[in-house]
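Analysis of the macromolecular model
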Amino acid sequence: MCNNINFIYPKFLIIFLFSFFCVSVLKGQEAPEIIWTKTFESITPEGVIINSTQKTSDGGYVAYGYKEQNTSTLCYVIKLNELGNKIWEKYYSPTGYSGGYSIRQTSDGGYVILGGSKDGTGDKDCWVMKLDADGNKKWDKTYGGSNNDSIFSIQQTSDGGYILAGYTESNDGDISDGNNGSQDCWIIKLNAIGNKVWDKTYGGSRWDEAASIQQTSDGGYIFSASISSTDGDVNSDCFGYSCADVWVVKLNSVGDKVWDKVYGDDFPTDYARMIQKTLDGGYVLIFTSYTSNGQGFSSVVKLNNSGNEEWSNTEFGPFSYDYNSPRIIHQTKDGGYLIGGHTQNTSIVDLNRDWLTKLDSLGNKSWHKDFVGRNNINSIKQTADGGYVVGSRKWLVK
């Protein structure tokens, strides 16, 4: 299932530019300073909702969203230059399209888009579309079976193809590895034109879903997942269907499991957010944990290349149960990490905010900055000048 995303945000994109001060380690680092802000209230047409933004190799930006029109949903992409001025914008109307997740630039200068599609029975499948550098569609395809199937993460692989991660409730169609229970982690390998090379399911008899996947230096893959199963492929001690742990699985190049580890079992509910490769050949993992009384803790865990924990940091909570989470992490050139997330409180609207936190290479906090309002940070990239570009559904930050 690729869920239709129904967030309501204004129809504008904001671009912020930040500079960073170099301050001694003993005194700590200062949070970014806003140099200038440029708003684009009229840059997108009426009704467009932006879901994903990313910096592009030409120094500009690309944003992806959707628009509800009558009884259908249109896919929308806009390309901006380095000053945030529009270069082009395009609509697409794939059959059954139901909303989207992300856009990524590909090695040929084009783009790949991950979204969702409804089949004739109303069940939801995954949808992927490839564009060239000018936004012209090269191909689009759907993947799934007779039940709900969803993909949350996509990355281009070294062979020019793609690796996808999510979950499936199906046991037919494009799901060729069977189903271990009600919902399994589902990993799909595609070639450069979107044809399936292989797919595999991982999990047990309860619900399990992959959240993020990366190709590793050995040609294999690593993914993070939220799991509630205690059987099948999973070695977890979750108690009860609502329990969840974080699961990290290392695969070889054809999807066979090399090793797996469970994290976050100190709390009743743990949700995986993202896993990334690190400069030393290990990995960094972010996830959110909720206690039984509703307190939320967000964790950053550094792993070595075998999945063993080297350090962890939980200085992102407690927050209210309503919603708080780190959403994305990026390793910086100094070996540290920049984390983006958001928090939401339905009873105290002023607490709704996005935030950035910078950690050093050992996980110690260097600085933290809040932004009023919740706009869902979804991309972070360090630039050649040592600064950063941070994207959300409403703005881009450099």
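Let me begin by describing the structure that accompanies this report. Since the model is a prediction, treat every value here as computed from it, not as a measurement.

Overview of the nonpolar core
Ranked by size, the top nonpolar core spans 21 residues in total, and within it Val-300, Ile-329, Leu-338, Leu-356, Ile-377, Ile-380 and Val-390 carry the most contacts. Counting residues per element, the ones that place at least two in this core are β20 (283–290), β23 (323–331), β24 (337–344), β25 (353–359), β26 (365–372), β28 (388–391) and β29 (395–397). In this view, Ile-377 contacts Arg-327, Ile-328, Gly-340, Gly-341, Asp-354, Trp-355, Leu-356, Val-390, Gly-391, Ser-392 and Trp-395; residues no more than four positions away in its chain are not counted. Grouped together as the second largest cluster of nonpolar side chains are 16 residues, Trp-198, Tyr-221, Ile-227 and Val-234 included.

Considerations on the sheet that holds strand β9 (residues 124–131)
Taken in spatial order, the four strands line up as β7-β8-β9-β10 in an open sheet, and their pairing is antiparallel. Strands at the two margins of the open sheet, each flanked by one partner only, are β7 (97–105) and β10 (137–143). Each strand axis lies, on average, 20 degrees off the axis of its neighbour in the sheet, ignoring direction. Relative to β10, β9 runs antiparallel, the two sharing six bridges. By the bridge assignment, Trp-127 is partnered in β10 with Thr-142.

A closer look at the packing of aromatic side chains
In total, this model carries nine aromatic pairs according to the counting rule given. Seen from their ring centres, Tyr-76 and Tyr-91 are 5.3 Å apart, and the 55 degrees between their planes marks the pair as tilted. On the criterion of sequence distance, the pair formed by Tyr-76 in strand β5 (residues 72–80) and Tyr-91 in strand β6 (residues 86–92) is long-range, its members being 15 residues apart. Residue classification places Tyr-76 among the buried residues on the basis of a relative accessible area of 0%.

Focus: the side chain of Asp-270
Among the structural elements, Asp-270 can be located in strand β19 (residues 269–277). Among buried charged residues, Asp-270 stands out as having no salt bridge; its nearest opposite-charge side chain is Arg-273, 10.0 Å away.

Looking at unusual backbone geometry
Phi at Asn-70 takes a positive value of approximately 55 degrees, unusual for a residue other than glycine. Structurally, the position occupied by Asn-70 is in the loop between β4 (61–69) and β5. Classification of Asn-70 by relative accessible area gives exposed; the value is 80%.

Let's talk about the pattern of salt bridges
With the rule as written, the count across this model stands at 14 salt bridges. Between Asp-218 and Lys-250 there is a salt bridge; the shortest N-O distance is 3.2 Å. Here Asp-218, found in the loop between β15 (208–215) and β16 (221–227), pairs with Lys-250, found in strand β17 (residues 245–251); they are 32 residues apart in sequence, far enough to count as distant. You can call Asp-218 exposed: its relative accessible area is 56%. Asp-260 is the partner of Lys-257 in a salt bridge, and the nearest nitrogen-oxygen pair spans 3.6 Å. When salt bridges with common partners are traced through the structure, they connect Asp-108, Lys-130 and Lys-138 into a single cluster.

A closer look at the pairing of strand β11 (residues 149–156)
With six of eight residues buried, β11 is to be regarded as a mostly interior element. Relative to strand β12 (residues 162–168), β11 runs antiparallel, the two being bridged by seven bridges. Counterpart to Gln-156 in the pairing with β12 is Tyr-162. Connecting the antiparallel pair β11 and β12 is a turn made up of five residues, with Gly-160 showing a positive phi of about 90 degrees.

Some points on the sheet that holds β6
In any sheet, the strands associate via hydrogen bonds between backbone groups, in a parallel or an antiparallel arrangement. The strand order across the open sheet formed by four strands is β3-β4-β5-β6, and the pairing between neighbours is antiparallel. In this open sheet, the two strands that pair with only one neighbour each are β3 (49–55) and β6. Taking the axes of each pair of neighbouring strands and ignoring which way they run, one obtains an average angle of 15 degrees across the sheet. Two elements, β4 and β5, share nine bridges in a ladder whose sense is antiparallel. If you follow Glu-68 over to β5, its bridge partner there is Thr-73.

Considering the environment of Trp-355
As for its placement among the helices and strands, Trp-355 is situated in strand β25. Take Trp-355: its relative accessible area is 2%, and that puts it in the buried class. Expressed as a C-alpha distance, the spacing of Trp-355 and Lys-369, which sit 14 residues apart in the sequence, is 5.6 Å.

Scoring rules and cut-offs
- Residues numbered from 1 in each chain as written.
- Predicted model: local features only at pLDDT ≥ 70, side-chain atom pairs only at ≥ 80, totals over all residues.
- Heavy atoms only, no water.
- Core = buried A, V, L, I, M, F, W, Y, C linked by side-chain atoms within 4.5 Å.
- Buried < 20%, exposed > 50% of the residue type's maximum accessible area, 1.4 Å probe, protein only.
- Helix = DSSP H or I, 4+ residues; strand = E, 2+ residues; numbered from the N terminus.
- Contact = heavy atoms within 4.5 Å.
- Pairing = 2+ DSSP bridges.
- Axes fitted to C-alpha atoms, helices over the stretch in contact; angles between N-to-C directions.
- Phe/Tyr/Trp six-rings, centres within 6.5 Å; stacked < 30°, edge-to-face > 60°.
- Lys, Arg positive; Asp, Glu negative; His and termini not counted.
- Salt bridge = Lys/Arg side-chain N within 4 Å of Asp/Glu carboxyl O.

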